Amino acid sequence: MPAMWGGRAASTRRGREGASGRCALFPGNAAGSELSGAVGWKDCSRRAPRWREPARRSPPAGRGCSPHWTDGQTEAHESPQPRRPRAQDPKPWEHCLGNRHRALSSVVALGANIICNKIPGLAPRQRAICQSRPDAIIVIGEGAQMGINECQYQFRFGRWNCSALGEKTVFGQELRVGSREAAFTYAITAAGVAHAVTAACSQGNLSNCGCDREKQGYYNQAEGWKWGGCSADVRYGIDFSRRFVDAREIKKNARRLMNLHNNEAGRKVLEERMKLECKCHGVSGSCTTKTCWTTLPKFREVGHMLKEKYNAAVQVEVVRASRLRQPTFLRIKQLRSYQKPMETDLVYIEKSPNYCEEDAATGSVGTQGRLCNRTSPGADGCDTMCCGRGYNTHQYTKVWQCNCKFHWCCFVKCNTCSERTEVFTCK
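- Per an unreviewed UniProt entry, the protein goes by the name Protein Wnt and belongs to Canis lupus familiaris.
- In the Sequence similarities (unreviewed entry) part of its UniProt record, the protein is described as follows: "Belongs to the Wnt family."

Here you go:
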């Protein structure tokens, strides 16, 4: 007899047929066999098991931090009552967050260790700073490269164009002779690192530093202005440059004293070129009060200033201690007295080579193939640049479209222009 489905909702229940794994759907109070043909059999062998909460157990000793273990104290032989998770239940991973952060720090430290070991020419103290401050090593590299670029610009017309034959370091290839050129390179790179670190702190790109906190809120009633904005913390940049750049001076000799003095001279020039910028405040554009802050100078200004110091560099000699005979300080060589050079003077202990020929002993790359000006009487002239060896003449013809005009409608007509140029290079 067919089942009646109308009038009231028919309740269904599952039935199993022995071990066959199938179950039939049939209405309540009716025989399952009567509906087997209409409803059919359903395979229950792949039916998802009813959800049960796993037993909460403490992680066994030596198992480590795993998200599958919780903080519960339920033992393994206890059978907890099945229930669905609630929002206030502790998350399985909460007790592992501290360990995860420590593991992440270890990964960062490992990456910094690998990177710092691949940087050539770092002294042990510099490598330690690199590993402890991996975010600063990028800024240091930018500052050193800024110093090298400025050095090449200042000496682009001279025999020595800020190039050298020697060991390649993060500060470029170093000159082996303690000449005035070496004095300039040390001063400009130390100033470049200090400039880059100070700028990164002001922009918030470096940790553990920021704006100058001492230049905030102070009011100068006599001049009618007060500190405001973000003043560049040049003292932090100078201190960081001193700790990193000076750390490469390991040997206790005269060259070490020379390099340390020139490093400090470059940083001193940067500090003296700091600028004070102000903004007026008042009704209708009046300057009732002014808010002022300190800013970094353009690095080109620092380069020009150090180039003037290079032209007036002072030759010095070392004064040794009476007992240990170790270099103690530097004094000006021509004078008989023990007069020390000024803080901003560039000093050198050896005369400069002529830089005409390539010489591995002095680090000179020579001037062969350098461009020169045939009509210039200065340092960039062919007579001076090529050291009397003569020069080669190269003729080039440059062709381009010029005097272009638009004609209605619709095309553009251009003339063809050409220019013949001559380039001179040293033999």
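So, next bit.
**Description of the overall build of the protein**
No. 1: If you tally the helices and strands in the protein, you get eight helices and 17 strands.
No. 2: Counting the 427 residues in the protein, one finds 34% classified as buried.

**A closer look at the confidence of the model for the protein**
No. 1: Overall, the prediction assigns the protein a mean pLDDT of 77, with 71% of residues at 70 or greater.
No. 2: Highest mean pLDDT in the protein belongs to helix α7 (residues 299–311) (96); lowest belongs to strand β2 (residues 22–27) (42).
No. 3: Within the model, pLDDT remains below 50 along residues 1–48, and this stretch shows 45 contacts once partners closer than five positions in the same chain are excluded.

**A look at the state of the cysteines**
No. 1: According to the stated counting rule, one finds eleven disulfides in the structure shown.
No. 2: Disulfide partner of Cys 116: Cys 130, at an S-S distance of 1.8 Å. Its torsion about the S-S bond being -85°, the disulfide of Cys 116 and Cys 130 is classed as left-handed. Of the two residues, Cys 116 is situated in helix α1 (residues 97–118) and Cys 130 in helix α2 (residues 124–132); the sequence distance between them amounts to 14 residues. Both residues of the pair, Cys 116 and Cys 130, belong to the buried class.

**Comments concerning the nonpolar core**
No. 1: In this structure, Cys 151, Trp 160, Phe 184, Val 302, Leu 306 and Leu 346 are the most contacted members of the largest nonpolar core, which totals 35 residues.
No. 2: Those elements that place two or more of their residues in this core are α4 (180–202), α5 (234–245), α6 (254–272), α7, β10 (314–320), β11 (327–332) and β12 (347–348).
No. 3: A per-element tally of this core places α4 first, with seven residues.
No. 4: Those residues within four positions of Val 302 in sequence are excluded, and the remaining contacts are Ala 191, Val 269, Leu 270 and Pro 297.

**Remarks on unusual backbone geometry**
No. 1: Look at the link from Trp 408 to Cys 409: it is a cis peptide, with omega at -20°.
No. 2: Tracing the backbone through its elements, the reader meets Cys 409 in the loop between β16 (391–407) and β17 (411–426).
No. 3: Here Cys 409 and Cys 410 are connected by a cis peptide whose omega angle stands at 15°.
No. 4: Mapped onto the elements of the fold, Cys 410 is located in the loop between β16 and β17.
No. 5: At Tyr 355, a residue that is not glycine, the phi angle is positive and equals roughly 60°.
No. 6: Inspection of the secondary structure assignment puts Tyr 355 in the loop between β12 and β13 (358–359).
No. 7: Unusually for a residue other than glycine, Cys 387 sits at a positive phi of about 60°.
No. 8: Turning to its location among the elements, Cys 387 is positioned in the loop between α8 (382–385) and β16.
No. 9: The exposure class assigned to Cys 387 is partly exposed, which follows from its relative accessible area of 25%.

**Thoughts on the sheet that holds β17**
No. 1: One open sheet accounts for three strands, arranged β15-β17-β16; its pairing is antiparallel. Two strands bound the open sheet, and with one partner strand each, they are β15 (371–372) and β16.
No. 2: Sheet topology note: the β16/β17 ladder contains 15 bridges and is antiparallel. Bridging from a neighbouring strand, His 394 pairs with Val 423 of β17.

**Structural notes on the packing of aromatic side chains**
No. 1: For the structure on display, the rule yields seven aromatic pairs.
No. 2: Residues Phe 155 and Phe 184 carry aromatic rings whose centres are separated by 5.0 Å and whose planes lie at 75° to one another, so their mutual orientation is edge-to-face. Placement of Phe 155 in the loop between α3 (134–154) and β4 (168–169) and of Phe 184 in helix α4 is noted, with a sequence separation of 29 residues between them. Here Phe 155 and Phe 184 have matching classes, each one buried.
No. 3: Plain terms: the ring middles of Trp 160 and Tyr 355 are 6.4 Å apart, the flat faces sit at 35° to each other, and that makes the pair tilted. Of this pair, Trp 160 sits in the loop between α3 and β4 while Tyr 355 sits in the loop between β12 and β13, and the two are 195 residues apart along the sequence. The exposure classification of Trp 160 matches that of Tyr 355, with both residues buried.
No. 4: One aromatic cluster is present, built from ring pairs that chain together Phe 155, Trp 160, Phe 184, Tyr 310 and Tyr 355.
No. 5: Positioned above the aromatic ring of Tyr 153 is the side chain of Arg 300, whose terminal nitrogen or guanidinium carbon lies 3.8 Å from the ring centre.
No. 6: When the ring centre of Phe 155 is taken as reference, the NZ or CZ atom of Lys 307 above it lies at 4.8 Å.

**Points about empty space enclosed by the protein**
No. 1: By the definition in use, this model includes one cavity of 30 Å³ or more.
No. 2: In this structure, the largest cavity occupies an estimated 30 Å³ of space.
No. 3: The residue makeup of the lining of the largest cavity, split by class, is three nonpolar, four polar and one charged.

**Some details on the pairing of β17**
No. 1: Alignment of β15 against β17, held across two bridges, turns out to be antiparallel. In the sheet register, Leu 371 faces β17, and the bridge partner there is Thr 425.
No. 2: In this structure, the hairpin formed by β16 and β17 is closed by a connection of three residues.

**Looking at the pattern of salt bridges**
No. 1: In the structure shown here, the tally under the stated rule is 15 salt bridges.
No. 2: Across the pair Glu 422 and Arg 374 runs a salt bridge, and its minimum N-O distance is 3.9 Å. One end of the pair, Glu 422, is in strand β17; the other, Arg 374, is in the loop between β15 and α8, with 48 residues separating them in the sequence.
No. 3: Bridged by salt links that share partners, the residues Asp 239, Arg 242, Asp 246, Glu 264 and Arg 267 form one connected network.

Conventions adopted
Residues numbered from 1 in each chain as written. Predicted model: local features only at pLDDT ≥ 70, side-chain atom pairs only at ≥ 80, totals over all residues. Heavy atoms only, no water. UniProt positions renumbered as here; feature names shortened; annotations may be inferred. Helix = DSSP H or I, 4+ residues; strand = E, 2+ residues; numbered from the N terminus. Buried < 20%, exposed > 50% of the residue type's maximum accessible area, 1.4 Å probe, protein only. pLDDT = per-residue confidence, 0-100. Contact = heavy atoms within 4.5 Å. Disulfide = S-S within 2.5 Å. Core = buried A, V, L, I, M, F, W, Y, C linked by side-chain atoms within 4.5 Å. Pairing = 2+ DSSP bridges. Phe/Tyr/Trp six-rings, centres within 6.5 Å; stacked < 30°, edge-to-face > 60°. Lys NZ or Arg CZ within 6 Å of the ring centre and 35° of its normal. 1 Å grid on protein atoms, 1.4 Å probe; cavity = no way out; pocket = protein on both sides within 12 Å on 5 of 7 lines; lining within 4 Å. Points joined across faces, edges and corners; volume = space filled by probe spheres on them. Nonpolar A, V, L, I, M, F, W, Y, C, P; charged D, E, K, R; others polar. Salt bridge = Lys/Arg side-chain N within 4 Å of Asp/Glu carboxyl O.

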